[in-house]
Amino acid sequence: MFRKRGNFAWDVAVHLIIVLLVFSSVALFVSKQADGSYVYEEIYAKEIGLIIDSSKPGMEVFIDFAKGYEIAEENKKTGKLVSYSDNIVDVSLANRGSYVFEVFTDYEVELIEDRENKKLIIIVGGEK
Amino acid sequence: MKLFYDKKGEELISFYEILIYLVICVVIVGGTTFYYLTDVDVRKQESGIFYNQIIDCLIDGGILREGFLDENFDFFESCDISKKLFDNKKMYVNVQFLEGEDEIREPVVFGNYDFKSHCEYKDGGGISKHWSECFIGEERIVFMKDGELKKGKIKIMAASNNEGNRVK
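What you see is a predicted model, and the numbers here were worked out from it, not measured in a lab. (Residues numbered from 1 in each chain as written. Chains lettered and ligands numbered in written order. Predicted model: local features only at pLDDT ≥ 70, side-chain atom pairs only at ≥ 80, totals over all residues. Heavy atoms only, no water.)

**Student:** Explain the overall build of chain A to me, please; I cannot follow it from the model alone.
**Tutor:** For chain A, the count of helices and strands is 3 helices and 6 strands. Starting at the N terminus, the α and β elements of chain A follow one another as α-α-β-α-β-β-β-β-β. At 23 Å, chain A has a C-alpha radius of gyration far larger than the 14 Å of a compact globule built from 128 residues. Along the first, second and third principal axes, the C-alpha set of chain A runs to 80 × 30 × 20 Å. Expressed as a percentage of the 128 residues in chain A, the buried residues total 45%. As presented, chain A carries roughly 6600 Å² of accessible surface, and 59% of it is formed by carbon and sulfur atoms. Taken as two groups, the 15 positive and 21 negative side-chain charges of chain A have centres that lie 14 Å from each other. (Helix = DSSP H or I, 4+ residues; strand = E, 2+ residues; numbered from the N terminus. Rg over C-alpha atoms; globule rule 2.2 N^0.38 Å. Buried < 20%, exposed > 50% of the residue type's maximum accessible area, 1.4 Å probe, protein only. Areas by Shrake-Rupley, 256 points an atom, 1.4 Å probe, with all protein chains shown as cover. Lys, Arg positive; Asp, Glu negative; His and termini not counted. Charge placed at Lys NZ, Arg CZ, Asp CG, Glu CD.)

Here is the structure:
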């Protein structure tokens, strides 16, 4: 790898810069992926969807949404994290896209974000 | 190629070194992407929940609810089920009403008819992960016909291929 004695420092510097550049971009990519927003958006959307589908009108369900609030805060996400309209649950924990899951029941549903208690309240009303 | 040589024309970084870095990057990026984008598959659970919702809707304490033997009863309206997923061919339901081996009324069938074969083959597991997931069962019922109580059963096949979507 290293050829001449005089060039040793230069060689080391070049290799260090290349290695740092390559691996820092890989590390950046991995950390972006590993912040969990992709996975948690899908998990929460499907969890909320299944809860709505298995509920009966008049039920109120509290789910632990601490991780969701934490990820949204890390990503500086503003506005609503979870919404429901037209039988579709939409979860967005970062400022880029969201995950949607369609439910098969036809209830009126209200989702309330209780950030203070790190909960999400799902209120299932009657038929639309 | 100038990028890889210094002013004196000496090689700064070899082709093989670049190749090694590339392979490492591809493996890490590919592995991470695969790990974090793996689907959370809830279709089996969803078909089970759907099955239970149908049971709750049709039967009350073992007795078939009134109106369900009428030919013009509206399954979606009566059971608070949205028609959208059935129109989009992401779900399937097949309910048979039987007295002995005779059908009391026409089966209630909606959604993607292909799912019936998915359900029948290997009990819904199928050989492809893109096949729907199913929940099949039957429940004993008591129903009123011609002014007298009769015993029967309903067979239900509930299938789902409802996967969520990422929206950009």
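**Student:** Looking at this structure, how should I read the state of the cysteines?
**Tutor:** Simply put, the disulfide is a covalent bond whose two ends are the sulfur atoms of two cysteines. Residues and elements named next belong to chain B. Tallied over the entire structure, the rule returns 2 disulfides over all chains. Note on cysteine connectivity: cysteine 57 is disulfide-linked to cysteine 79, with sulfurs 1.9 Å apart. What sets the handedness of the cysteine 57 and cysteine 79 disulfide is the S-S torsion sign, and at about -75° it is left-handed. Here cysteine 57, found in helix α2 (residues 43-58), pairs with cysteine 79, found in helix α3 (residues 75-79); they are 22 residues apart in sequence, far enough to count as distant. One exposure class covers both cysteine 57 and cysteine 79, and it is buried. The side chain of cysteine 119 participates in a disulfide bridge whose partner is cysteine 134; the two sulfur atoms lie 2.1 Å from each other. On the S-S bond that ties cysteine 119 to cysteine 134, the torsion sits near -85°, and the link is left-handed. Here cysteine 119 is found in helix α5 (residues 114-120), whereas its partner cysteine 134 is found in strand β6 (residues 133-145), with 15 residues between them in sequence. Cysteine 134 carries the same exposure label as cysteine 119, and that label is buried. What links to what in chain B: the bonded cysteines, counted in sequence order, pair as 1-2, 3-4. (Disulfide = S-S within 2.5 Å.)

**Student:** Sorry if this is basic, but what is going on with helix α1 (residues 15-36) of chain B here?
**Tutor:** Quick reminder: α-helices carry 3.6 residues per turn. Residues three or four places apart thus point the same way. Between its first and last C-alpha, α1 of chain B extends 31 Å over 22 residues, near the 32 Å set by a 1.5 Å rise per residue. Taken as a whole, α1 of chain B has its buried residues at Glu17, Tyr21, Cys25, Thr32 and Tyr36 of chain B. Seen from one end, α1 of chain B has its buried residues packed into an arc of 65°, which puts them on one side. Of the residues in α1 of chain B, the exposed ones pointing more than 90 degrees away from the buried face are Phe15, Tyr16, Ile20, Val26, Val27 and Phe34 of chain B. Its buried side turned inward, α1 of chain B meets α1 (8-34) and α2 (37-54) of chain A. (Expected span 1.5 Å × (residues − 1). Arc of directions from axis to C-beta. Contact = heavy atoms within 4.5 Å.)

**Student:** For this particular structure, what's the right way to read the side chain of asparagine 87 of chain A?
**Tutor:** All names here are of chain A. With respect to the helices, strands and loops of the structure, asparagine 87 is situated in the loop between β2 (82-85) and β3 (88-91). A relative accessible area of 3% means that asparagine 87 is categorised as buried. At 3.4 Å, the side chain of asparagine 87 and the side chain of aspartate 106 are in polar contact. (Polar contact = N/O pair within 3.5 Å; in protein donor to acceptor, adjacent residues only side chain to side chain.)

**Student:** Looking at this structure, I do not really get the pairing of β6 of chain B. What am I missing?
**Tutor:** On any regular strand, side chains alternate: one points to one face of the sheet, the next to the other face. Residue and element names in this part refer to chain B. Relative to strand β7 (residues 148-160), β6 is paired through 13 bridges, and the arrangement is antiparallel. Within β7, the residue paired with cysteine 134 across the bridge is alanine 159. From the end of β6 to the start of β7, which pair antiparallel, there are 2 residues, and aspartate 146 there has a positive phi angle of about 50°. (Pairing = 2+ DSSP bridges.)

**Student:** Help me understand α2 of chain A in this model?
**Tutor:** Its 18 residues place the ends of α2 of chain A 25 Å apart at the C-alpha level, agreeing with the 26 Å of an ideal helix rising 1.5 Å per residue. Most of α2 of chain A is tucked away, with 13 of its 18 residues classed as buried.

**Student:** Explain the pattern of salt bridges to me, please; I cannot follow it from the model alone.
**Tutor:** Oppositely charged side chains can form a pair if their charged atoms are brought close together. What the rule picks out here adds up to 12 salt bridges over all chains. Several salt bridges converge on common partners, so that one network encompasses Glu41 and Arg96 of chain A together with Arg166 of chain B. (Salt bridge = Lys/Arg side-chain N within 4 Å of Asp/Glu carboxyl O.)

**Student:** What's the story with the interface of chain A and chain B in this structure? I'm lost.
**Tutor:** Interface size, as often reported, equals the accessible area lost upon joining of the parts. Counting residues at the interface gives 45 residues for chain A, matched by 41 residues for chain B. In terms of surface lost to chain B, no three residues of chain A exceed Leu50, Glu102 and Phe104 of chain A, which account for 18% of the buried area on that side. Two residues, glutamate 41 of chain A and arginine 166 of chain B, come together in a salt bridge whose shortest N-O distance is 2.8 Å. Between the two partners, chain A and chain B, sit 17 residue pairs in polar contact (both at pLDDT 80 or more). Those elements giving two or more residues to the side of chain A that touches chain B turn out to be α1, α2 and β4 (98-102) of chain A. Among the elements that line the side of chain A that touches chain B, the one with the most residues is α1 of chain A, at 13 residues. Its residues assigned to classes, the side of chain A that touches chain B shows 23 nonpolar, 9 polar and 13 charged. Looking at chain direction, β4 of chain A and strand β8 (residues 165-167) of chain B are connected through 3 bridges and run antiparallel. (Buried area = accessible area lost by both parts, 1.4 Å probe. Nonpolar A, V, L, I, M, F, W, Y, C, P; charged D, E, K, R; others polar.)

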